[in-house]
Protein chains: 2
Amino acid sequence: MSAVSASAAKANKAKGATASTLTTDELRKMDAYWRACNYLSAGMLYLRENPLLRTPLKAGQIKDRLLGHWGSDAGQSFTWVHLNRLIKKYDLDLIFLSGPGHGAPATLANCYLEGVYSEVYPDKSEDDAGMQKFFKQFSFPGGIGSHCTPETPGSIHEGGELGYSLSHGFGAAFDNPNLIVAVVVGDGEAETGPLATSWHSNKFLNPARDGAVLPILHLNGYKIANPTVLARIPAEELEWLFKGYGWTPYVVEGHDPALMHQQMAEVTERCVLEIREIQEKARSAKAGKVPERPRWPMIILRSPKGWTGPKEVNGHKVEDFWRAHQIPILDPKTNPVDLKLLEKWMKSYKPEELFDKTGRLVEELKEMAPVGAKRISGNPHANGGLLRKPLELPDFRDYAVDVKKPGQIEVSPTYVLGGYLRDVMKKNMTSFRVFGPDETASNRLQLLYEASKKTWMEKILPEDSDGTEIAADGRVMEMLSEHTLEGWFEGYVLTGRHGFLSSYEAFVHIIDSMFNQHAKWLEKSKLELRWRAPISSINLLITSLVWRQDHNGFTHQDPGFLDVVTNKSPHVTRIYLPPDANCLLSVADHCLCSTNYVNVIVADKAPHLQYLTMDEAVKHCTKGIGIWNFASNDAGEEPDVVMACAGDIPTAEALAAVAILRERCEGLKIRFVNVVDLFRLMPETEHPHGLSDREFDSLFTKDKPVIFNFHAYASLIHKLTYRRTNHDSFHVRGYKEKGNINTPLELAILNQVDRFNLAIDVIDRVPKLQATAAHTKEWLKEQIIESINYAHEYGIDRKEIREWKWPV
Amino acid sequence: MSAVSASAAKANKAKGATASTLTTDELRKMDAYWRACNYLSAGMLYLRENPLLRTPLKAGQIKDRLLGHWGSDAGQSFTWVHLNRLIKKYDLDLIFLSGPGHGAPATLANCYLEGVYSEVYPDKSEDDAGMQKFFKQFSFPGGIGSHCTPETPGSIHEGGELGYSLSHGFGAAFDNPNLIVAVVVGDGEAETGPLATSWHSNKFLNPARDGAVLPILHLNGYKIANPTVLARIPAEELEWLFKGYGWTPYVVEGHDPALMHQQMAEVTERCVLEIREIQEKARSAKAGKVPERPRWPMIILRSPKGWTGPKEVNGHKVEDFWRAHQIPILDPKTNPVDLKLLEKWMKSYKPEELFDKTGRLVEELKEMAPVGAKRISGNPHANGGLLRKPLELPDFRDYAVDVKKPGQIEVSPTYVLGGYLRDVMKKNMTSFRVFGPDETASNRLQLLYEASKKTWMEKILPEDSDGTEIAADGRVMEMLSEHTLEGWFEGYVLTGRHGFLSSYEAFVHIIDSMFNQHAKWLEKSKLELRWRAPISSINLLITSLVWRQDHNGFTHQDPGFLDVVTNKSPHVTRIYLPPDANCLLSVADHCLCSTNYVNVIVADKAPHLQYLTMDEAVKHCTKGIGIWNFASNDAGEEPDVVMACAGDIPTAEALAAVAILRERCEGLKIRFVNVVDLFRLMPETEHPHGLSDREFDSLFTKDKPVIFNFHAYASLIHKLTYRRTNHDSFHVRGYKEKGNINTPLELAILNQVDRFNLAIDVIDRVPKLQATAAHTKEWLKEQIIESINYAHEYGIDRKEIREWKWPV
């Protein structure tokens, strides 16, 4: 026993004596059940026939290509089996997240033994034939993946990309007071940044109203080919680290199954009892007493990598070494020695004692698992759509900005949205959360705090009453980690609830990869797995936009997240660019009602001109794209030019350009098209929201010049429209990485999305203006120079720009 | 004094008594110097005229728009001033990284006081007029940004996006044995994932050969609008946390400047002495003795946010509260009370004592700073290009694969590359490092270990001798954190060295945002700042590609990083898709010689067919795009179709398609074009590598069908080529989010990049085949069905597919 184990054993003993050890019979049965898990795990890796080894194993019964991960399987199943005991003993409601998702055989084995796998996939029945199919499909073309993929009942965390298990776990626990979320954290995963900071999630969990997260740090010592950092630092540092993170660590360490079972039984039970004690204390406190953040228990499970597997293969150490990471015996198909070794190893689990003659787990072991919805793999929280209730929503029309004429008043769209979200929050005080990295107020959503403050379980100081807006019972989630927020959010919706996240635009790239993974999860769930009930969408408000980084400058200018989004399946991605507050309200309402999407909403926080009445906004957003008549003068005819735009700031500049042109270029017929739903631009064959070519042509004409002023990188519009009839006439303006500290107009000018450059674009492309508009073009160029000079002199834009309104 | 401070004070005393306290005169002068810093910081935020307040401050002298961050300025300058003392006393070589880069006024103020700012920007001279310009330009259009942007002498870390200060610091320290890298870590930044795991970088720093990193965790308590987690957890948890991370934390805490100066002087000096002691011990050890990882010192500086600023403004607490984050006094321009308050505050620093009548820092304070290259802001390590020496490179041709005829032998390209990198390493044992997240061997670069093992400062076990390849003096950097690796790499090249990073393709998205920020840094440095000498490129090898995720499945399939790269400036981005090992060698050599780029190289690790001799490869890669004659049969004529491809796996499938077509469609004239340098596809007006339209048309014809088989998402090719003459005839195949566990051919078929679908694409698009090739098309469809069936039955592809060669 190492120092940490010794000291932890001492700590383990320090608390209550209620945790019992196993009787001989319990121990025997738990170990047998565990052997069944391990047998199945090995079977998945190797066998395509003869699943119970009822006859001597032959090379032909081995899969042609051996794929999968053995390393953490036994340790994970060990944990699961011990959790089963406590679910039964204490009637717990518990789900299991596998951080080392590569060890999916553990989850799959338990799922199969609990009968859930056969219920969901009847052909994988609980008998020889079903087991054979179950084995063969694993990590096999046409079968299932080697992680805890969406196809895996009981899983809400695939673990293909590492780092998010713990934040997913906390998301699942929020507002689920009776749920325990057991999260196995791999020691490889623990090295990632997102995981390293997510241990601090305990500062945002309120024991009075939230469930519990029980992390099990699985120190099996190795990654693919390296030792792990946490497995080799001195034991005292390991203990300090987790105490420093605010946890009470309990260590279970060893390799002898019998001893380990006793240790694990004691420690897991102690953790459950401590969790209950913490919760009872918080929940029985007098009204008004603010709960303090407890030091929640966690487990450090130090078991050998590849535990119970072959100790040595061909002269190489395998168990308790990185060589156990994937396939422990490499070549049973062609090497008879390997084949024998494999058979001997698999038989060491004594399958004949575990499964009856039909191939079903023997009855006394069957009884070890919980039943019905208490089975971990059958827990409805892990198929959150089953529990999901639609949000109760206020009528978003009640929050409308009163727009009497277009382009006359300025309002912060996100501030308006904040009022609506406040009332969404009020009506759904146990199933809706808003997430943001220290920026909810900066993003002008501060009306939310009238419904609920920010969650804060640490000390609150007297001065905080002056606007800090923090409280232990707050429901607005702020931590300066986009990773953790997105992880919480995903965990929250995956277990059937609802949410909304806002981020500075540039830094939503921090979670590109999390978006990718969630979109992949949704695509599989939605298109291939009817048994997974739809979950609420991830709603991402992208704000503090590229065009308003007046003081943050170049680092804060990046509208490229939309490019990442458009690479994912059209079945699960939506992008909206509402041009004003009423449109934003309409879009937000639509997104909050939706399921199984990632909705990306792009809307700025600064005050902007408002254009549409609420009725007009609803119609416009429902169509997703449309001609704005007030800005167009091509009634009933083909225009000379189409001015199109997407995004609030580009829309304002495009309108200003149109105003200039209509004043100065008599007879010019302009059509003004605004795009809210970006995917309307795609062909209908490529995206469910795509316009037909006929619809598209009716808006953009077949041959007239189109000036498209876009919020993000111009090439994205080309990517979406290159197949359209009139694409060759599309001239798109967007951000082109030109910026520093700039006034709004100056930045627009640098990237040519400003009113003056747009007007020049029109003049350059409409033949009939070539002769007549030379003077106007000169004037426009002068405006550009004057604007820049003014900005550099005074640091702000000219008054007539700042206060520009649509001429009425 | 809080508990942590008390306990730390005890710890502070536990070690050697050599750290001295300040004399009265030293204290007076240091405080005065610090006041000068703080005065300048405030001046930057507010003043456009009257920089030294020689006349009563008037509203018209205030900037029209107040932008910038005050919160951490005083604490950062405080740290800098104390480091100055030690640089002088111990002749240290030291640079300073500002994690809270938003507090750039601190860095800028010190840079100005040290005279470096005026040397680099002579118009910002050390006098009234220069100071006025220095103030006005700050966070001002046409001026400089409010972070430690590339324009800031002495900075290698902008801090606009939070999370990377410490990993940048370690990168700077590696192989710089005499350098101390002081890193101020903001307590907001400390909540991010990347920062949270980067504390573990101490496990990868070898005191015998590397410099030291001295982190100063700046606990000023607040973010924009929230308290920070680390500032409010119990003091004992804070101490455990950093001891758990393996550091020895020293606490400096308070607000009274006189007391704080004494504490800081003692603690900083103690840290420097401890660093020297650790280094001396490691460096004087007997040869062969493996150094142990020491517990390096770090500082926790708990000072009030907005320290020395206004305590209260308009009834609101400001100092020591989040309201000090940005502009502490909001409206001096129009509110006379605010104006008075501002003047009083700025005068409290007594500028008349600090600056002489010309506006220059008084001489006795000037003497407080180091001189020449010892000045932090003038340290050449922070302008690493000055120190950079080109790599000594072996001749890459010596590693050539012997290709006698195209498409006959299979080789792992990255394995070949590993041999070359090994010898690059051998020739540059103090200036070249290779980075990879636990995957160097998995990515088949394991020959590297013949030159150097993986850095590992923790315990090494006997079994590690069997292939773990770890050693304290290793130079291959592996940790399971892409963020940390990329941060190390950036810090390493920013200080004048060289490196190479490999990553699984899907997970390079984890560092999308880091790539964005580094590309922005490079663009400004390269295009606008002649004084910044060119630094080595970031070389990213993207491998374990989407098309070979046979066992990892859908989560590991994402080739979208290229889309992110193409949004950044063409002046600093390069993308290469070498089709075989010889091309990979040629490309790698080119990238290692280059400066000021991010080079992205896409090459798979699995064995693939080889096509070009080394001479051919060099020619092909130099052109970046070209016709492969061996695969074309259109000699001297217009082809019927162009088969184009980019990427090793798409190239192999495209070739197989051509072989099928040439065998079965007599008379069909095919031109085969391979693209290595992706930006050759862009117009020459848009990218320096772009082909002219004439060159492009000569390859792709003006009107013949082009089937383009692409490694990544098809839309990227459209994005790059939509302006080309023949774009309407481009039919691009690429990854379209269809995948699971698949054989290589099956995955290709699902996404239609396989030989059979490509051949069908040709048949469908070449008019003369419509009549004649119906039978072939049927045969192709049968092949597709048979291939899928075989894969689902056996889990592998048919032998004739696996062993296919180009027909000779």
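Residues numbered from 1 in each chain as written. Chains lettered and ligands numbered in written order. Predicted model: local features only at pLDDT ≥ 70, side-chain atom pairs only at ≥ 80, totals over all residues. Heavy atoms only, no water.

- If you look chain A up in an unreviewed UniProt entry, it shows as Probable phosphoketolase from Edaphobacter aggregans.
- Turning to chain A, the UniProt annotation filed under Sequence similarities (unreviewed entry) states: "Belongs to the XFP family." (UniProt positions renumbered as here; feature names shortened; annotations may be inferred.)

Side note on the overall build of chain A
1) Next: Within chain A one finds 28 helices and 22 strands.
2) Next: Computed over its C-alpha atoms, the radius of gyration of chain A comes to 30 Å, within 12% of the 28 Å expected for a compact globule of 808 residues.
3) Next: In chain A, buried positions account for 71% of the 808 residues.
4) Next: The long-range fraction of contacts in chain A, counting pairs at least 24 apart against all pairs at least 6 apart in sequence, stands at 78%. (Helix = DSSP H or I, 4+ residues; strand = E, 2+ residues; numbered from the N terminus. Rg over C-alpha atoms; globule rule 2.2 N^0.38 Å. Buried < 20%, exposed > 50% of the residue type's maximum accessible area, 1.4 Å probe, protein only. Contact = heavy atoms within 4.5 Å.)

Topic: unusual backbone geometry
Residues and elements named next belong to chain B.
1) Next: Even without glycine at this site, Glu469 takes up a positive phi of about 60°.
2) Next: Position of Glu469 relative to the elements: it lies in the loop between β10 (454–455) and β11 (470–471).
3) Next: Take Glu469: its relative accessible area is 24%, and that puts it in the partly exposed class.
4) Next: The phi angle at Thr701 is positive, at roughly 65°, despite the residue not being glycine.
5) Next: Position of Thr701 relative to the elements: it lies in the loop between α22 (693–700) and β21 (706–710).

Structural notes on the domain arrangement of chain A
All names here are of chain A.
1) Next: With domains assigned, chain A is organised as domain 1 (3–284 + 294–385), domain 2 (396–608) and domain 3 (626–802).
2) Next: Taking only C-alpha atoms into account, the centre of domain 1 sits 35 Å from that of domain 2.
3) Next: Counting from both sides, the interface comprises 41 residues of domain 1 and, opposite them, 38 residues of domain 2.
4) Next: Carbon and sulfur atoms make up 59% of the surface buried where domain 1 meets domain 2, a total of about 3100 Å² over both sides.
5) Next: Remark: the boundary between domain 1 and domain 2 carries 3 salt bridges. (Domains from an automatic or database assignment. Buried area = accessible area lost by both parts, 1.4 Å probe. Salt bridge = Lys/Arg side-chain N within 4 Å of Asp/Glu carboxyl O.)

A short note on the interface of chain A and chain B
1) Next: In this assembly, 131 residues from chain A lie in contact with 131 residues from chain B.
2) Next: In this assembly, chain A packs against chain B so that about 10500 Å² is buried in total across both faces, 54% of it on carbon and sulfur atoms.
3) Next: A salt bridge links Arg65(B) to Asp550(A); its shortest N-O distance comes to 2.4 Å.
4) Next: Along the contact surface separating chain A from chain B lie 69 residue pairs in polar contact (both at pLDDT 80 or more). (Polar contact = N/O pair within 3.5 Å; in protein donor to acceptor, adjacent residues only side chain to side chain.)

Side note on the packing of helix α25 (residues 755–765) of chain A against helix α27 (residues 774–794) of chain A
Residues and elements named next belong to chain A.
1) Next: For the pair α25 and α27, interaxial distance at closest approach is 9 Å and the crossing angle is 160°. As summarised for this structure, α25 and α27 are arranged roughly antiparallel, according to the angle between their axes. α25 and α27 meet at a crossing whose hand is left-handed. Seen from α25, the contacting residues are Phe756, Asn757, Ala759, Ile760, Ile763 and Asp764; seen from α27, they are Thr776, Lys777, Leu780, Lys781, Gln783, Ile784 and Ser787.
2) Next: Tallied by class, residues from the contact of α25 with α27 come to 6 nonpolar, 4 polar and 3 charged. (Axes fitted to C-alpha atoms, helices over the stretch in contact; angles between N-to-C directions. Parallel < 35°, antiparallel > 145°, perpendicular 65-115°, else oblique. Left-handed = near helix turned anticlockwise from the far one by under 90°. Nonpolar A, V, L, I, M, F, W, Y, C, P; charged D, E, K, R; others polar.)

Topic: the pairing of strand β20 (residues 670–675) of chain A
All names here are of chain A.
1) Next: β20 sits mainly inside the fold: 6 of its 6 residues count as buried.
2) Next: Neither face of β20 is open: one carries Ile670, Phe672 and Asn674, the other Arg671, Val673 and Val675, and all of them are buried.
3) Next: Bridge analysis of strand β19 (residues 641–646) against β20 gives 5 bridges, and the strand direction is parallel. From the neighbouring strand, Ala644 faces β20, where its bridge partner is Val673.
4) Next: One crossover worth recording links β19 to the parallel β20 by way of helix α21 (residues 648–664), and it is right-handed. (Pairing = 2+ DSSP bridges. Right-handed = clockwise from strand over helix to strand, strands pointing away.)

Looking at the relation of the copies chain A and chain B
Between the two copies of the chain lies a relationship made up of a rotation around an axis and a movement along it.
1) Next: Screw-axis analysis of chain A against chain B gives a translation of 0.0 Å along the axis, an RMSD of 0.0 Å, and a rotation angle of 180°. This pairing of chains is accounted for by a two-fold axis. Across chain A, the rotation axis passes nearest the C-alpha of Gly193(A), at a separation of 2.0 Å.
2) Next: In this assembly the copies share their binding face: 100% of the residues contributing to the interface of chain A also contribute to that of chain B. (Least-squares fit on C-alpha atoms with pLDDT ≥ 70 in both.)

Concerning the confidence of the model for chain A
1) Next: The pLDDT averaged across chain A works out to 95; a share of 98% of its residues lies at or above 70.
2) Next: Taken together, the stretch residues 1–8 of chain A has pLDDT below 50 and engages in 14 contacts with residues farther than four places along the chain or on a different chain. (pLDDT = per-residue confidence, 0-100.)

Brief notes about the environment of Asp473(A)
All names here are of chain A.
1) Next: Structurally, Asp473 can be placed in the loop between β11 (470–471) and β12 (476–477).
2) Next: With a relative accessible area of 55%, Asp473 lands in the exposed category.
3) Next: Each C-alpha atom of the pair Asp473 and His316 lies 55 Å from the other, and the pair is 157 residues apart in sequence.
4) Next: Leave out the neighbours within four places in its chain, and Asp473 touches Asn206, Arg209 and Ser452.

Some remarks on the nonpolar core
1) Next: Phe700(A), Phe708(A), Phe700(B) and Phe708(B) are the most contacted members of the largest nonpolar core, which has 384 residues in total.
2) Next: If we skip the residues at most four places from it in the chain, Phe708(B) touches Ala644(B), Cys645(B), Ala646(B), Val675(B), Leu681(B), Phe700(B), Ile717(B), Phe730(B), His731(B), Val732(B) and Arg733(B). (Core = buried A, V, L, I, M, F, W, Y, C linked by side-chain atoms within 4.5 Å.)

A short note on the sheet that holds strand β21 (residues 706–710) of chain A
Residue and element names in this part refer to chain A.
1) Next: As summarised here, the arrangement of the 5 strands in space is β18-β20-β19-β21-β22, forming an open sheet in which the pairing is mixed. In this open sheet, the two edge strands, each paired with only one partner strand, are β18 (625–627) and β22 (730–733). Sheet twist, expressed as the average angle between the axes of neighbouring strands with direction ignored, equals 20°.
2) Next: In terms of strand pairing, β19 meets β21 through 5 bridges, oriented parallel. Along β21, the bridge assignment pairs Ala646 with Phe710.

Focus on the packing of aromatic side chains
1) Next: This model, assessed by the stated rule, comprises 83 aromatic pairs over all chains.
2) Next: Ring centres 6.3 Å apart and planes at 85° place the aromatic pair Trp199(B) and Trp247(B) in the edge-to-face group. Within this pair, whereas Trp199(B) is found in the loop between α8 (193–198) and β3 (212–218), its partner Trp247(B) is found in the loop between α10 (235–244) and β4 (248–253), the two being separated by 48 residues in sequence. For the pair Trp199(B) and Trp247(B), one class covers both residues: buried.
3) Next: Sitting above the plane of the Trp240(B) ring, Lys243(A) keeps its charged end 4.2 Å from the centroid. (Phe/Tyr/Trp six-rings, centres within 6.5 Å; stacked < 30°, edge-to-face > 60°. Lys NZ or Arg CZ within 6 Å of the ring centre and 35° of its normal.)

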